[in-house]
Amino acid sequence: MSVRLDKYISDFTDMTRSQAKKAVRDGKVSVNGEVVTKGDEKVSFSDSVFLGGLEIRGADYQYMMMNKPSGVVSATVDGEHKTVLDCVRSGVDQSSGSPPPYVAKDLFPMGRLDKDTEGLLILTDDGPLAHRILSPGRHVPKKYYVELDAAVDEKDMEKMRSGIDIGEKRLTKPAKMEILTEHSCYLTISEGRFHQVKRMFGCLGKRVVALKRVEMAGLELDPSLAAGEWRFLTEEEIAYLKGI
Ligand code: URA
């Protein structure tokens, strides 16, 4: 597939078509290392298109994984706090070491983590895929590493398995708890209720002091990503997500 350069730019950035045309005319765009000043030049996904030093990645959709740091909100815009999209824009694709590309127009985090929660967040502009994976009936598993202010034991494990009354209509669905140390464990849940993990442990009289998502929908957080870092998903990871 090949399209006009100005259309390609407006499709894969937040620029309008006329802003894209002007950027090309002003000599700000390069294709495969050469400055191109004609908007009707044809480009395809295999071409390397840069605007003002940032790569414009043309693809049907963008898919990224981030190790969300604490203190950042899982939103696209926020008047007060840094967002996960700010992290994408100010970061580097860790799989290629490339400068940040233009972020897709409609990129959003697939699900939310609390501001003080760290770990795996998938970002995409593929609305249908996100809708499918996040739909409540799908019960996609999410695994969290949890640190607590009190010791955890086998009784807690059993309560998590049976479901907890967190003050809503229904008990929580069975959750799998794996004890790691006296004060830490993994908890795998298959719902996404508000502050769910903290509330579940709260009902057992324990306070969560650190929370990190390590797995979601069968995708593991890449251990090489430090807090705040992100990378594009691999073709295999994208195919896997599309297949579930
Ligand atoms: N459960 C919580 O309590 N917080 C999160 O961020 C995610 C799950």
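For the structure, check the block above.
Everything quoted here is computed from the prediction, not taken from an experiment.

Quick notes on the rules
Residues numbered from 1 in each chain as written. Predicted model: local features only at pLDDT ≥ 70, side-chain atom pairs only at ≥ 80, totals over all residues. Heavy atoms only, no water. Helix = DSSP H or I, 4+ residues; strand = E, 2+ residues; numbered from the N terminus. Buried < 20%, exposed > 50% of the residue type's maximum accessible area, 1.4 Å probe, protein only. Contact = heavy atoms within 4.5 Å. Areas by Shrake-Rupley, 256 points an atom, 1.4 Å probe, with all protein chains shown as cover. Lys, Arg positive; Asp, Glu negative; His and termini not counted. Charge placed at Lys NZ, Arg CZ, Asp CG, Glu CD. Near = heavy atom within 4 Å. Polar contact = N/O pair within 3.5 Å; in protein donor to acceptor, adjacent residues only side chain to side chain. Nonpolar A, V, L, I, M, F, W, Y, C, P; charged D, E, K, R; others polar.

The subject of this paragraph is the overall build of the chain. When helices and strands are tallied, the chain shows seven helices and 15 strands. The principal-axis extents of the C-alpha atoms in the chain amount to approximately 70 × 30 × 30 Å. In the chain, which comprises 244 residues, the proportion classed as buried is 45%. In the chain, the share of contacts with a sequence separation of at least 24, taken over all contacts with a separation of at least 6, comes to 65%. Counting every atom, the chain has about 12400 Å² of accessible surface; 50% of that belongs to carbon and sulfur. Positive and negative side-chain charges in the chain, numbering 36 and 38 respectively, have mean positions lying 5 Å apart.

In the vicinity of the ligand, the residues found are Leu113, Asp114, Thr117, Tyr144, His195, Gln196, Val197, Lys198 and Leu211. Contact distances for the ligand include 3.4 Å between an oxygen atom and a backbone N or O atom of Gln196. Between the ligand and the protein, one listed contact pairs an oxygen atom with a backbone N or O atom of Lys198 at 3.1 Å. Contact with the protein chains removes 95% of the 240 Å² of surface that the ligand exposes when unbound. Counting residues per element, the shell around the ligand draws most heavily on helix α6 (residues 196-203), which supplies three residues. Residue composition of the shell around the ligand, by class: four nonpolar, three polar and two charged.

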